[in-house]
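Spelled out from the first residue to the last, the chains are:
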Amino acid sequence: FLWKYARRHGAWMAIGVLSLLVFSGAMALLLALSGPLLTKVIGVEQPAVAAPKQAQLAIESLNRVYVFLEAHFAAAVGGPVVFIPLLFMATFLLRCAADFVAGYSFQHVGFRTTTDIRDALYARLLLQTNRFHARHPSGELVSRLVGDVAQMQNAVSNRLLDLFQCSFLIVMQLAMLFTLNARLAAICLIAMPLLLYPIVRFGRSMRKASVKGQERLADLANLVAEGVRGHRVVKAFGAERYESERFGEATRQHLRVNLRAQTLANLSGPVVESFGVILATWLLI
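Residues numbered from 1 in each chain as written. Predicted model: local features only at pLDDT ≥ 70, side-chain atom pairs only at ≥ 80, totals over all residues. Heavy atoms only, no water.

## Comments concerning a positive patch on the surface
For step 1, the next point in the chain: On the surface, Arg201, Arg204, Arg207, Lys208, Lys212 and Arg260 cluster together into a positively charged patch.
For step 2, the next point in the chain: No other element matches helix α7 (residues 182–229), which puts five residues into the positive patch.
For step 3, the next point in the chain: By secondary structure assignment, the location of arginine 207 is in helix α7. (Patch = residues over 30% accessible without salt bridge, like charges linked within 9 Å, V, L, I, M, F, W, Y side chains within 5 Å. Areas by Shrake-Rupley, 256 points an atom, 1.4 Å probe, with all protein chains shown as cover. Salt bridge = Lys/Arg side-chain N within 4 Å of Asp/Glu carboxyl O. Lys, Arg positive; Asp, Glu negative; His and termini not counted. Charge placed at Lys NZ, Arg CZ, Asp CG, Glu CD. Helix = DSSP H or I, 4+ residues; strand = E, 2+ residues; numbered from the N terminus.)

Following this line, the structure appears as structure tokens:
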């Protein structure tokens, strides 16, 4: 559903994806520069570590970028002692710029997408019959138009960014794992479904809690609309206390649903991480 609207802004999405690629490349270059920064600039000797052959090849592949840059540009700025800090600073600034462009691009896609959805939803509401509007109070419709679409904006802007960023991170980490120890990495992949189970369970529970939270928010919006629009009737019947109690009960229900959702959200991370540590310990033993 969201893709139907988000694809209209594919250019900005492409800019965001390319920025994430630049961000990942800058992170790799910073890792490659850490060794020369310690040895050639600070003068700290790195201890000899008996690393596996695959790990040595991975480190050498990262250093090739630095070696190429040093061979072509170091002499022009006064040697490695000056060149390495400048290159480290430039790479870090490039990483920050790419991070900003990626974040802005996906936020742009999110706001543009939800603007299109909100316009389409409002146009659809205007075409509905009187019977439809009689069944759905105005406060509920306003909540759907404003609150629910805002939740979609968060999904498109932030979750889409996380989707691409985490996907790149997973690919890089898997490549590193298979480079270091292919057998152990394969064993970890076999055990991965056990780790995915609690993630799926928490995801379903959080989705249900989120839907209930939006429903309770619609109830609040409806009560506010009724109270403000019918304030003369409330005054005439002296029903201020009754309406306040109704609203207070609705806010308490909304609070309970939100607290449950936050409990699940804050519990999911520690549970999944603890489960991962237990699996890792089992693999090591």
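Resuming the write-up.
## Section: the pattern of salt bridges
For step 1, the next point in the chain: By the definition in use, this model includes seven salt bridges.
For step 2, the next point in the chain: The partner of glutamate 245 in a salt bridge is arginine 241, with the nearest N and O atoms 3.4 Å apart. Note that glutamate 245 and arginine 241 are positioned in helix α9 (residues 240–284) at a spacing of four residues, about one turn of the helix.
For step 3, the next point in the chain: Arginine 256 is paired through a salt bridge with glutamate 249; the nearest N and O atoms lie 3.8 Å apart.

## A closer look at the packing of aromatic side chains
For step 1, the next point in the chain: Under the criterion given, the structure shown has three aromatic pairs.
For step 2, the next point in the chain: Taking 5.6 Å as the distance between ring centres and 70° as the angle between the ring planes, the aromatic pair formed by tryptophan 12 and tyrosine 104 counts as edge-to-face. Taken as a pair, tryptophan 12 in helix α2 (residues 10–42) and tyrosine 104 in helix α4 (residues 80–126) lie far apart in primary sequence, 92 residues in all.
For step 3, the next point in the chain: The class for tryptophan 12 is partly exposed, based on a relative accessible area of 31%.
For step 4, the next point in the chain: Take tyrosine 104: its relative accessible area is 43%, and that puts it in the partly exposed class.
For step 5, the next point in the chain: One aromatic cluster is present, built from ring pairs that chain together Trp12, Phe100 and Tyr104. (Phe/Tyr/Trp six-rings, centres within 6.5 Å; stacked < 30°, edge-to-face > 60°. Buried < 20%, exposed > 50% of the residue type's maximum accessible area, 1.4 Å probe, protein only.)

## So, the side chain of histidine 9
For step 1, the next point in the chain: With respect to the secondary-structure elements, histidine 9 resides in the loop between α1 (2–6) and α2.
For step 2, the next point in the chain: Within the structure, histidine 9 has its side chain in polar contact with the side chain of aspartate 116 (distance 3.1 Å).
For step 3, the next point in the chain: Among residues more than four places away in sequence, those in contact with histidine 9 are Val109, Arg112, Thr113 and Asp116. (Polar contact = N/O pair within 3.5 Å; in protein donor to acceptor, adjacent residues only side chain to side chain. Contact = heavy atoms within 4.5 Å.)

## Concerning the nonpolar core
For step 1, the next point in the chain: In terms of nonpolar packing, the biggest core is built from 11 residues, these being Ala6, Met13, Val17, Leu20, Ala102, Phe106, Val109, Val156, Leu160, Leu161 and Phe168.
For step 2, the next point in the chain: At the level of secondary structure, the elements contributing two or more residues to this core comprise α2, α4 and α6 (138–180).
For step 3, the next point in the chain: The residues touching leucine 20, leaving out its near neighbours within four places in the chain, are Ala102, Phe106, Leu161, Phe164, Gln165 and Phe168.
For step 4, the next point in the chain: Leu33, Phe83, Ile84 and Leu87 belong to the second largest nonpolar core, which has seven residues in total. (Core = buried A, V, L, I, M, F, W, Y, C linked by side-chain atoms within 4.5 Å.)

## Looking at the side chain of asparagine 222
For step 1, the next point in the chain: Take asparagine 222: it is sitting in helix α7.
For step 2, the next point in the chain: For asparagine 222, a relative accessible area of 14% translates into the label buried.
For step 3, the next point in the chain: Each residue touching asparagine 222, except ones within four places of it in the same chain, is listed here: Pro137, Ser138, Gly139 and Glu140.

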